[in-house]
Structure formats: structure tokens, C-alpha cells
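# Structural overview for review
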Amino acid sequence: MAWPTTRARESRITAELPSAEVAAQLRQPTSRPVLQVESLNVDLAGTPIEWARAWFAGDRVKLTIDHNEHA
């Protein structure tokens, strides 16, 4: 069994109107809100190693956030 070497430190979820580029990628109008998710992952020492930003069509996605720490 492999032990995790990273963990999620933070995820920020924001509802916003998309840019024209994001709306085109999601095949939706710019007048329909999207969910923007920014995530920060750290190594076991707490050093940031990955940051990501993604957009989701709010009417076509379900986000589940698990806040439990696994030992």
C-alpha cells in the first residue's frame, strides 16, 4: 500500500460569470454562471507543490468535498 505524499490544503469555490474563452470551452453562454475552483496541494512538510484552477458548468457538475484528514 502506498502512503500519500501530498495533501489538499485548500480549495476555494466561487460562482461567477465566465469569460468568453471559458464559456466557449464549456459550450455555454457567458450569461450562465460557472463554478471556479482553485486548489492548493502541499507535501507532507506543508510546502506548496501544486496549484490548480478549473471551471465547471454549474448545471452539469456535482462537487463533493471531504474535509476529513486520513491518518
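Definitions and cut-offs
Residues numbered from 1 in each chain as written. Predicted model: local features only at pLDDT ≥ 70, side-chain atom pairs only at ≥ 80, totals over all residues. Heavy atoms only, no water. Helix = DSSP H or I, 4+ residues; strand = E, 2+ residues; numbered from the N terminus. Buried < 20%, exposed > 50% of the residue type's maximum accessible area, 1.4 Å probe, protein only. Contact = heavy atoms within 4.5 Å. Areas by Shrake-Rupley, 256 points an atom, 1.4 Å probe, with all protein chains shown as cover. Patch = residues over 30% accessible without salt bridge, like charges linked within 9 Å, V, L, I, M, F, W, Y side chains within 5 Å. Salt bridge = Lys/Arg side-chain N within 4 Å of Asp/Glu carboxyl O. Pairing = 2+ DSSP bridges.

Looking only at helices and strands, one finds one helix and three strands in the chain. From first element to last, N terminus to C terminus, the chain shows the α and β order β-α-β-β. Residues counted as buried form 18% of the 71 residues belonging to the chain. Pairs at least 24 residues apart make up 45% of the contacts formed inside the chain by residues separated by at least 6 positions. For the chain, the computed accessible surface area is about 5,700 Å², with 53% contributed by carbon and sulfur atoms.

Here we come to a nonpolar patch on the surface. Taken together, the side chains of Ile13, Leu63 and Ile65 present a nonpolar region at the surface, about 230 Å² in accessible area. Positionally, Ile13 belongs in strand β1 (residues 6–16).

In this structure, β1 lies alongside strand β2 (residues 34–43), joined through 10 bridges in antiparallel fashion. What sits directly across from Ala8, in β2, is Asn41. As defined by bridge partners, β2 adjoins strand β3 (residues 48–57) across nine bridges and the pair is classed as antiparallel. Paired with Val34 across the two strands is Ala57, which belongs to β3. Counting the residues in the hairpin turn of β2 and β3 gives four residues, including Gly46, whose phi is positive at 95°.

Attention now moves to the environment of Thr5. Take Thr5: it is sitting in the segment before β1. Judged by relative accessible area, which is 57%, Thr5 ranks as exposed. Through-space distance from the C-alpha of Thr5 to that of Val42 is 8.6 Å; in sequence the pair is 37 residues apart. Not counting chain neighbours up to four residues away, the residues in contact with Thr5 comprise Val42, Asp43 and Leu44.

Now for unusual backbone geometry. Glycine aside, negative phi is the norm for most residues, and most peptide bonds take the trans geometry. Unlike most non-glycine residues, Arg27 shows phi in positive territory, near 55°. Along the polypeptide, Arg27 turns up in the loop between α1 (20–26) and β2.

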